[in-house]
Amino acid sequence: MTSALVVHDLHLAVRNGQVLLPILRGINLNLPQGEIHGLVGESGAGKTMLGRVILDILPPSAVITSGNVDYPAHRSSPSLNRKSAHRRRPHISLIPQDPLTSLNPVKRIGKQMGEILRLAHKDSSQQIHERAKQHLREVKIRNPGQVLQQYPHQLSGGMRQRVLIAMAFSTEPSIIIADEPTTALDVSVQQRVLRLIRDLQKERGTTILFVTHDLGVVAKLCDRVSLMHSGMILEQGKVSDVFQSPSHPYTRSLLEAIPRYDKPREKLSPVANDLQTQLIREADEYDRQRRV
Amino acid sequence: MIDSDGSELICAQRLGVSLPNLAAKKRFQPAPMVPIFRDIDLRARKGQCLGIVGESGSGKTTLGRALVRLLRPTSGTLLFAGRDITTLEETELRPIRDRMQMIFQEPRAALNPRRRIDDAVSQPLLAYNKAGNVREAREHAYELLRQVGLDPSLGKRYPRELSGGQLQRVCIARAISIRPSLIVADEIVSGLDMSSQAQVLNLLDDLREKLGLCLVFISHDLSVVRSICDEVIVLLDGRQVESGPVARMFTQPRRRYTQSLIQAVPLPEPDGDWLNDAVDETENGNRIKAMNIEGTTALITGCSRGIGRELVLALVKSGVKKVYATARNNSDIDDLAKSHPGLVETLSLDITDDASIHQAAEQCGDVELLINNAGINRMSGLLAADGIDGARLEMETNYFGTLRMCRAFAPALKNNGGGCIVNMLSILSHVALPLMGSLCASKAAALRLTEGVRAELDANNTLVMAVMPGAVDTDMSRDFPPPKIPPAEVAKAVLDGIIQGQEEIFPGEMASGLREGLKADPKGVEKELAGYLPG
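As the structure is a computational prediction, the values presented were derived from the model and not from experiment.

## A short note on the overall build of chain A
Thinking step 1. Broken down by element type, chain A carries twelve helices and nine strands.
Thinking step 2. Here chain A has a C-alpha radius of gyration of 20 Å; the compact-globule value for 292 residues is 19 Å, and the two agree.
Thinking step 3. Overall, chain A is about 60 × 55 × 40 Å in size when its C-alpha atoms are taken along their principal axes.
Thinking step 4. When each of the 292 residues of chain A is scored for burial, the buried share is 52%.
Thinking step 5. By sequence separation, contacts in chain A at least 24 residues apart represent 68% of the contacts at least 6 residues apart.
Thinking step 6. Summing over all exposed atoms, chain A offers an accessible surface of approximately 13600 Å²; the carbon and sulfur share of this is 50%.

Here it is, written out as structure tokens:
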């Protein structure tokens, strides 16, 4: 199967004064077309940074020290100027984490969707409006005409996330980075939103990198999974394999930390401090060896 | 008055809060009040953890705020350590304020960004005169930071320099600083990743044990609730869906809504089909009262034949725990018990006899689903020869019998979490068919009875359902001309209605057709039926 996204030995650091702090340490990813790939890690593991490299929206202080990101299906010329992300990577979209801060609070939904659609299509306002309506219908919004006239604060959390999903799919991307899209939602809404993402993905063959810290969601949604800690991928494989027989102690430890409603009450076991320290030490050791 | 034996630290009965809806306010007029939640019953002892679960918008945060009297309840009673604090003024509350604390969802917003950590933690100590001077308070603050597993050197930092998990521990340290007896924790782990979540939950659980805290834990994540709580109440749209001990709630949810909340939690086990179970919120009926039939205990009257018999069979198939099948003559239903040993228990019950009903109510205290199916039809007009005695007989069974059963079993249902009452009526509750005029009168009375009972049991969350079929293919309507629906179909419609929380169902084409007709042209239907006169 053809690859949609290849990340090869990616190293990334953030400049802090005179020093470069390593954030990503040799990331390798190969996502075939149409895969949902889970990217799991605690806060600070570098998941969001990896997503930003792929989207090419790195902050100015971040430097790629080696390695590269490649899209075999869409080899476009490398970006030269800092224009909007869409023009540089028209085949990639983002579903962001927080639907409230990701939408402009003083613009109606219709206007915000129009801005994106106008980048992809040279249509009249009327046609853009119709397209926006169509995209909202695809995410199971029952009254798209009304929603287009509303401001973000008038919608519920689940509805806002649906709007963002519609926006992400509206440019017909081949790759979508979903950065914790359901963390802010409650369980039953989360289930519906996940199903929506999965259905749209299946219909269009989109490749999705699903960034999350919730292993439960990964188990239900993803084909393969990568577990990250301090900028390194510790374990990678098919979801069925990783969950059944995790090979890395960190994966085992994370799985044990999850509270479960189907088990009687017992003390939870958070990832042990020893293991955390050991992983950080390994990361430092990695940096030292690279410098030598 | 509240039935509290004083051992509870916090006890609420029929608690409710309404807040002004400023969006709907008109100029020069007070804003209309909207109920945020109502009729909430809860109690928690020292050392106990009570979970409050619900989706966003269910009123759980408002309830938490009302429990520590950040809001004044607008109805019901709230007791704290045996004392009524429902309407106390702020000055009267002041002496007990140091015994209750709240931890908020967003630690970054709950801490002053310009105060150092040690300063933030020592503030309550100073405010409640628990420390002699600032220095003493600071020292105590460092001790508290150590107690929640933080490095005391973090005390000199500002909130922005700490991670979410660390900040949540700071908030916990601040909450326990004045040794409260009640802590309300509102979604305190929803912003944390799995590992910090486990740490914070363990910390809270340890503190509860060590300090004998009473903990009210608000969350939408049922897995988290299971791992920390003893008792749970589930909220939906400001109403209490069900409550009970955590183990029962998760293995044997009584309400469909609770079950759907549980199933929506993704367990870390690969399963591609789980997503297909997602349902869009288009269900009609009453989501609060919709019942989970699996694992319930049901009692059905009039099981010797027809709909009653089919109901027993349908219930057995849908996974109930136990069915009490009753009939006037035990011998008519013996075969039901024999073919489903341990599942169906037979009982002789005459619903026109008070003593017989009381005995049954005592014997079957575990009933959660009561189906009043027994009834008689003499196929007689109101002015027919057998006169008043016959009409009385029908009234005695169809109306008074149902009423007796509702009265006898209402306390048991309340004890068992609300449950459900199904009254088997007829479309003839709505219109007179002269052919059986005296039956129609008794069924119409039973319909009003059903509506009255529904209103009286609303606060208990009891689903009270009226089933109004047309002609059913049973012995009772032997002489009636077709179309008739098979009794098994009525039984299926009843179970579907219970699962969806329907309050009225009209099984069969005849019933639904007549109902539409009655809506459009009641006089026309009356005239049409007037042609069927008693012979």
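Now that the structure has been shown, the text picks up again.
## Describing the interface of chain A and chain B
Thinking step 1. With 46 residues of chain A at the contact, the number on the chain B side is 45 residues.
Thinking step 2. Together, the buried faces of chain A and chain B total about 4200 Å²; carbon and sulfur atoms form 56% of this surface.
Thinking step 3. Among the residues of chain A in contact with chain B, Lys220, Tyr261 and Arg265 of chain A are the three that bury the most area, contributing 23% of the side total.
Thinking step 4. Linking chain A to chain B there are three salt bridges.
Thinking step 5. Its salt-bridge partner being Lys267 of chain A, residue Asp206 of chain B comes within 3.3 Å of it at the nearest N-O pair.

## Let's talk about the pattern of salt bridges
Residue and element names in this part refer to chain B.
Thinking step 1. For the structure shown, the criterion picks out 41 salt bridges over all chains.
Thinking step 2. For Asp119, the salt bridge identified is with Arg138, shortest N-O distance 3.0 Å. Residue Asp119 is located in helix α4 (residues 117-127), and its partner Arg138 is located in helix α5 (residues 134-147); the two are separated by 19 residues in the primary sequence.
Thinking step 3. Put simply, Glu396 and Arg404 hold a salt bridge, and the shortest N to O gap is 2.5 Å.
Thinking step 4. Residue Arg404 is classed as buried on the basis of its relative accessible area of 17%.

## A closer look at the pairing of strand β1 (residues 3-16) of chain A
Residues and elements named next belong to chain A.
Thinking step 1. One ladder, built from eleven bridges, connects β1 with strand β2 (residues 19-32); its direction is antiparallel. Each bridged residue has a counterpart across the sheet, and for Val7 the counterpart in β2 is Leu29.
Thinking step 2. In textbook terms, the turn of a hairpin is the stretch between consecutive antiparallel strands, and for β1 and β2 this stretch comprises two residues, one of which, Gly17, has a positive phi near 65°.
Thinking step 3. For β1 and strand β4 (residues 62-70), the ladder comprises seven bridges, and the chain directions are antiparallel. Each bridged residue has a counterpart across the sheet, and for His8 the counterpart in β4 is Asn68.

## Here's the deal with the sheet that holds β1 of chain A
Residues and elements named next belong to chain A.
Thinking step 1. Pairing is antiparallel across the open sheet formed by three strands, whose spatial order is β2-β1-β4. Each edge of the open sheet is held by one strand with a lone partner, namely β2 and β4. Direction aside, neighbouring strands of the sheet carry axes that sit 5° apart on average.
Thinking step 2. Of the strands in this sheet, β1, β2 and β4 touch helix α1 (residues 47-55), which is tilted by about 115° from β1.
Thinking step 3. Sheet contacts for helix α12 (residues 273-291): β1, β2 and β4; angle to β2, the most-contacted strand, approximately 100°.

## Comments concerning the packing of aromatic side chains
Thinking step 1. For the structure shown, the criterion picks out two aromatic pairs over all chains.
Thinking step 2. Residues Tyr261 of chain A and Phe250 of chain B carry aromatic rings whose centres are separated by 6.4 Å and whose planes lie at 25° to one another, so their mutual orientation is stacked. Of the two residues, Tyr261 of chain A sits in the loop between α11 (249-257) and α12 while Phe250 of chain B sits in helix α9 (residues 246-251), which places them in two different chains.
Thinking step 3. On the accessibility criterion, Phe250 of chain B (9% relative accessible area) is buried.
Thinking step 4. Taken together, a centroid distance of 4.9 Å and an interplanar angle of 80° make the contact between Tyr399 of chain B and Phe400 of chain B edge-to-face.

## Structural notes on the nonpolar core
Thinking step 1. Membership of the largest hydrophobic core comes to 60 residues, with the highest contact counts inside it found for Phe217 and Phe250 of chain B.
Thinking step 2. By size, the runner-up hydrophobic cluster in this structure holds 54 residues, among which are Val139, Ile141, Leu221 and Phe243 of chain A.

## Some details on unusual backbone geometry
All names here are of chain B.
Thinking step 1. With phi around 55°, Arg69 is a residue other than glycine that occupies positive phi space.
Thinking step 2. Topologically, Arg69 is positioned in the loop between α1 (60-67) and β4 (75-80).
Thinking step 3. By relative accessible area, which is 7% here, Arg69 ends up buried.
Thinking step 4. Of note in this structure, Met379 is not a glycine but carries a positive phi near 55°.
Thinking step 5. Structurally, the position occupied by Met379 is in the loop between β14 (369-372) and α14 (387-415).

## Re empty space enclosed by the protein
Thinking step 1. Taken as a whole and judged by the stated rule, the model has four cavities of 30 Å³ or more.
Thinking step 2. At the level of elements, α8 (187-204) and α9 (215-221) of chain A together with α7 (194-211) and α8 (222-228) of chain B are the ones that each hand at least two residues to the lining of the largest cavity.
Thinking step 3. Taken together, the residues of the lining of the largest cavity sort by class into 13 nonpolar, eleven polar and four charged.

## Topic: the side chain of Asp118 of chain B
Residue and element names in this part refer to chain B.
Thinking step 1. By the secondary structure assignment, Asp118 is in helix α4.
Thinking step 2. Residue class for Asp118 comes out buried when judged on its relative accessible area of 1%.
Thinking step 3. Among the polar contacts made by the side chain of Asp118, one reaches the side chain of Lys156 at a distance of 2.6 Å.

## Overview of the packing of helix α7 (residues 157-170) of chain A against α8 of chain A
Think of two packed helices as two axes; the pair is described by the angle between the axes and how far apart they sit.
Residues and elements named next belong to chain A.
Thinking step 1. Where α7 meets α8, the axes come as close as 10 Å, and the angle between the chain directions of the two elements is 15°. In this view, α7 runs roughly parallel relative to α8, as classed from their interaxial angle. Between α7 and α8 the crossing geometry is right-handed. Along the contact surface, α7 presents Gly158, Gln161, Arg162, Ile165 and Phe169, while α8 presents Val189, Arg192, Val193, Leu196, Ile197, Leu200, Gln201 and Arg204.
Thinking step 2. Its residues placed into classes, the contact of α7 with α8 shows seven nonpolar, three polar and three charged.

## Describing the domain arrangement of chain A
Residues and elements named next belong to chain A.
Thinking step 1. Structurally, chain A comprises domain 1 (3-91 + 172-291) and domain 2 (101-171).
Thinking step 2. Using C-alpha coordinates to define each centre, domain 1 is positioned 27 Å away from domain 2.
Thinking step 3. On the domain 2 side, the residues contacting the 17 residues of domain 1 number 14 residues.
Thinking step 4. Buried area between domain 1 and domain 2, summed over both chains or domains, comes out near 1500 Å², and the portion from carbon and sulfur atoms is 66%.
Thinking step 5. The interface formed by domain 1 and domain 2 holds one salt bridge in total.
Thinking step 6. Note that Glu138 and Arg204 form a salt bridge whose closest N and O atoms lie 2.7 Å from each other.
Thinking step 7. For the pair domain 1 and domain 2, the number of links is four residue pairs in polar contact (both at pLDDT 80 or more).

## Quick look at the sheet that holds strand β1 (residues 8-20) of chain B
All names here are of chain B.
Thinking step 1. Strand order across the open sheet formed by four strands is β2-β1-β4-β5, with antiparallel pairing between neighbours. If you trace the sheet from one side to the other, it starts and ends with β2 (33-45) and β5 (83-84), each paired once.
Thinking step 2. Most of the contacts of α1 go to β2, to which it runs at about 60°, and overall it touches β1, β2 and β4.

## With respect to α7 of chain A
Residue and element names in this part refer to chain A.
Thinking step 1. For α7, which comprises 14 residues, the first-to-last C-alpha distance of 20 Å matches the rise-based estimate of 20 Å (1.5 Å per residue) to within 8%.
Thinking step 2. The element α7 is largely enclosed, with a buried count of twelve among its 14 residues.
Thinking step 3. For α7, every residue scored as buried is listed here: Gly158, Arg160, Gln161, Arg162, Val163, Leu164, Ile165, Ala166, Met167, Ala168, Phe169 and Ser170.
Thinking step 4. Glu172 occupies a position one or two residues after α7 and carries a positive phi of about 50°.

## Some points on the environment of Arg72 of chain B
All names here are of chain B.
Thinking step 1. Examined against the element boundaries, Arg72 turns out to sit in the loop between α1 and β4.
Thinking step 2. Given the relative accessible area of 39%, Arg72 is considered partly exposed.
Thinking step 3. Expressed as a C-alpha distance, the spacing of Arg72 and Cys440, which sit 368 residues apart in the sequence, is 50 Å.
Thinking step 4. Excluding residues within four positions of it along the chain, Arg72 makes contact with Val17, Thr86, Thr87, Leu88 and Glu89.
Thinking step 5. A polar atom in the side chain of Arg72 sits 3.3 Å from the backbone oxygen of Thr87.
Thinking step 6. In this structure the side chain of Arg72 is engaged in a polar contact, spanning 3.1 Å, whose partner is the side chain of Glu89.

The rules behind each value
- Residues numbered from 1 in each chain as written.
- Chains lettered and ligands numbered in written order.
- Predicted model: local features only at pLDDT ≥ 70, side-chain atom pairs only at ≥ 80, totals over all residues.
- Heavy atoms only, no water.
- Helix = DSSP H or I, 4+ residues; strand = E, 2+ residues; numbered from the N terminus.
- Rg over C-alpha atoms; globule rule 2.2 N^0.38 Å.
- Buried < 20%, exposed > 50% of the residue type's maximum accessible area, 1.4 Å probe, protein only.
- Contact = heavy atoms within 4.5 Å.
- Areas by Shrake-Rupley, 256 points an atom, 1.4 Å probe, with all protein chains shown as cover.
- Buried area = accessible area lost by both parts, 1.4 Å probe.
- Salt bridge = Lys/Arg side-chain N within 4 Å of Asp/Glu carboxyl O.
- Pairing = 2+ DSSP bridges.
- Axes fitted to C-alpha atoms, helices over the stretch in contact; angles between N-to-C directions.
- Phe/Tyr/Trp six-rings, centres within 6.5 Å; stacked < 30°, edge-to-face > 60°.
- Core = buried A, V, L, I, M, F, W, Y, C linked by side-chain atoms within 4.5 Å.
- 1 Å grid on protein atoms, 1.4 Å probe; cavity = no way out; pocket = protein on both sides within 12 Å on 5 of 7 lines; lining within 4 Å.
- Points joined across faces, edges and corners; volume = space filled by probe spheres on them.
- Nonpolar A, V, L, I, M, F, W, Y, C, P; charged D, E, K, R; others polar.
- Polar contact = N/O pair within 3.5 Å; in protein donor to acceptor, adjacent residues only side chain to side chain.
- Parallel < 35°, antiparallel > 145°, perpendicular 65-115°, else oblique.
- Left-handed = near helix turned anticlockwise from the far one by under 90°.
- Domains from an automatic or database assignment.
- Expected span 1.5 Å × (residues − 1).

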